[in-house]
Each structure stands twice: as structure tokens, then as C-alpha cells.
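# Fold and geometry: a report
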Amino acid sequence: MTPHPTGPFQVGTTTTNITDANRPRVLDDTSSGRMLFLKLWYPADGDVSAMRPERLWRQLHDADQVPLVVRRLSKWGLRRNSNSYENLPYATEAGIPRIVIYNHGLVSFASENTSLMEHLASHGYTVVSIEHLHQLVEFKRLTGTKTQAQREADKRDLAKIQSATGKHRAELSRAFYEGATVTNRIVAARSADSIYALEKLPEILDRIPGIVTVARQIESYGTVGFSLGGAVSTELAKTDTRVSAAVNLDGGIYGHAQNQPISYPT
């Protein structure tokens, strides 16, 4: 079992899919309909003594869109329980949902950081984790245009960054981020995915049993991301004034808004 959450609430989960029909399925593709899988963790209430907790990373059992290597590396988690219960009623004491948007790494899955999601939900936050269903197809398509010479140059640049220190390392990192065209495009696209999920949030939250009425317009939210998802969090903090707090967990400063300042808590 994952570490037990420290908050006063039980943790409930639910899932849904949404499709942005006005955007291509993947970048540089002619087919329309960008598909997103969403997993929600939320503060819940109810007697769970007769219920079985959800299996950790359960979605990987039949998630064809998640790379096989990720599923193989995740076998350990598939044999363990989480601290979450599917479709447990929303805790009315939690009030109107306090929203946190979570973005996963470059090629990963919605519940990669389950312990953090459960911790936040147990303290009254409703976390919406966004999984980009065609992430691997998109990544391969965009990186497939790179020449071997470009790949080797990237490796050399990374090696220089890792060996540098202080101001020089910061300067090299900034130049590397600015030149990472493919990664910057993916971060910008995933930021747009987050904005679309927020537009659909009232109907998404309707899937939670016993949820309180939610306003049509979201006035503020927090955002968290790991690895590339951390860069998405920073990008959102720079481009969406509704972001009240952003956490970038080892994600670098990629995206199309790299030179914009962050004027919100992070």
C-alpha cells in the first residue's frame, strides 16, 4: 500500500475522457480530436470497511496507449493497493472543490504520482490529472524529424550543462531550453490541454458522487507537474492569471513563455 494520507478526509477517485474537437489529435497531424484521459482524486466521506481500495496504477492493466516499457516497469505497483476508493461520495465538509491540475512526465500516465494525489485529496483538494492519450505517437512524430547530428549535439549540450556550475550553468541551461523546439511545442500543447480541461471542469466534476454545485467559471486553481509536466505548470503560471500557485517538480523551463516572468506564488 502507498503511504497513508495525513489529511482528515478519505480519498475518492473517478475517471473520464474528453476530446477537444477543434485541435489536431497530435501536433503536425491532419486528423482532428485531441483526446485526454482524466483521473480525479477528491476528498471523500463514507464507510470503507467493506470496500476494497483501488489497485495502484490500475489503469495500466488495459491501457494500450501507455508505452509497454512503462507498464513493465510498473509491475511492482500493479500488485499493491492505493489508499483511494472508486466513486466514494464527495465529502460535503470539504465545501466547493479547490482545484489542482496535474500534468505527468513526457511519456507517462495519469496516476504516476498517486501518493501526492492522495495526500492533496485527503487535505481537501480535488486533483485533476491529465493524461495525453496519444503522447507516444506525438513524441515519435516530432522527434523523428531530428537528424543524428542534432541528437548528438543535444547530448553534448546536456553534458556541458551537467559539468558547469553557477551562473555559467544557468546561461547554458537557458540556451538549451530556448533551442529545444520539439519539447517547447509539447509543453505549449499540454498547457492548452489543461486550459481545455478547465473549460470542461463543471461537467467533469459532475462525475463525482455527491459533488457540490460548481461555478461555470473557475476563478483560481493550483497546478503541479513532474518532469515535463513541471514545465507545463510553469508555462501555465506565466500565461493564465487564474493560477494561484504552481509547483514544477524537476521539469526545467520549457515552453513558449520562457522569457515571461511569474508573478504568482510558486
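Residues numbered from 1 in each chain as written. Predicted model: local features only at pLDDT ≥ 70, side-chain atom pairs only at ≥ 80, totals over all residues. Heavy atoms only, no water.

## Thoughts on the overall build of the chain
Each helix and strand counted, the chain has nine helices and seven strands in total. Contacts in the chain between residues at least 24 apart in sequence constitute 72% of all its contacts with a sequence separation of at least 6. Taken as a whole, the chain presents about 13,200 Å² of accessible surface, with 52% of it coming from carbon and sulfur. (Helix = DSSP H or I, 4+ residues; strand = E, 2+ residues; numbered from the N terminus. Contact = heavy atoms within 4.5 Å. Areas by Shrake-Rupley, 256 points an atom, 1.4 Å probe, with all protein chains shown as cover.)

## With respect to the environment of Ala189
As for its placement among the helices and strands, Ala189 is situated in helix H7 (residues 181–199). Considering only alpha carbons, one finds Ala189 and Gly255, 66 residues apart in sequence, at a separation of 8.9 Å. Ignoring sequence-local partners within four residues, the contact set of Ala189 consists of Arg23, Leu27 and Arg34.

## A look at the packing of H7 against helix H9 (residues 228–239)
Here H7 crosses H9 at 65 degrees, and the two axes come no closer than 9 Å. The chirality of how H7 crosses H9 is right-handed. On the side of H7, the interface is formed by Thr183, Ile186, Val187, Ala188, Arg190, Ser191, Ser194 and Ile195, while H9 contributes Leu228, Ala231, Val232, Glu235 and Leu236. Among the residues forming the contact of H7 with H9, the class breakdown is eight nonpolar, three polar and two charged. (Axes fitted to C-alpha atoms, helices over the stretch in contact; angles between N-to-C directions. Left-handed = near helix turned anticlockwise from the far one by under 90°. Nonpolar A, V, L, I, M, F, W, Y, C, P; charged D, E, K, R; others polar.)

## Some words on the side chain of Thr13
Along the chain, Thr13 falls in strand E1 (residues 10–24). On the basis of relative accessibility, which here comes to 1%, the residue Thr13 falls in the buried class. Discounting chain neighbours no more than four positions away, the residues touching Thr13 are Lys39, Leu40, Trp41, Tyr42, Glu54, Ser84, Tyr85, Glu86 and Asn87. (Buried < 20%, exposed > 50% of the residue type's maximum accessible area, 1.4 Å probe, protein only.)

## Comments concerning helix H6 (residues 166–179)
With 14 residues, H6 extends 20 Å between its outermost C-alpha atoms, agreeing within 8% with the 20 Å of an ideal straight helix rising 1.5 Å per residue. All buried positions along H6 are accounted for by Ser173, Phe176 and Tyr177. For H6, the buried positions fall inside an angular range of 95 degrees around the axis, keeping them on one side. Facing away from the buried side of H6 by more than 90 degrees, the exposed set consists of Lys167 and Gly179. Structurally, H6 contributes buried residues whose contacts are with helix H5 (148–163) and H7. (Expected span 1.5 Å × (residues − 1). Arc of directions from axis to C-beta.)

## Here we look at the sheet that holds strand E4 (residues 98–103)
Spatial strand order, E3-E1-E2-E5-E4-E6-E7: seven strands in an open sheet with mixed pairing. Each end of this open sheet is capped by a strand with a single partner; those strands are strand E3 (84–86) and strand E7 (243–249). Within this sheet the neighbouring strands show an average axis-to-axis angle of 30 degrees, counted without direction. Summarising the sheet, E1 and strand E2 (residues 32–44) pair through twelve bridges and their orientation is antiparallel. Residue pairing across strands places Thr13 opposite Trp41, the latter belonging to E2. Lying over the sheet, H9 contacts E4, strand E6 (221–226) and E7, oriented at roughly 150 degrees with respect to E6. (Pairing = 2+ DSSP bridges.)

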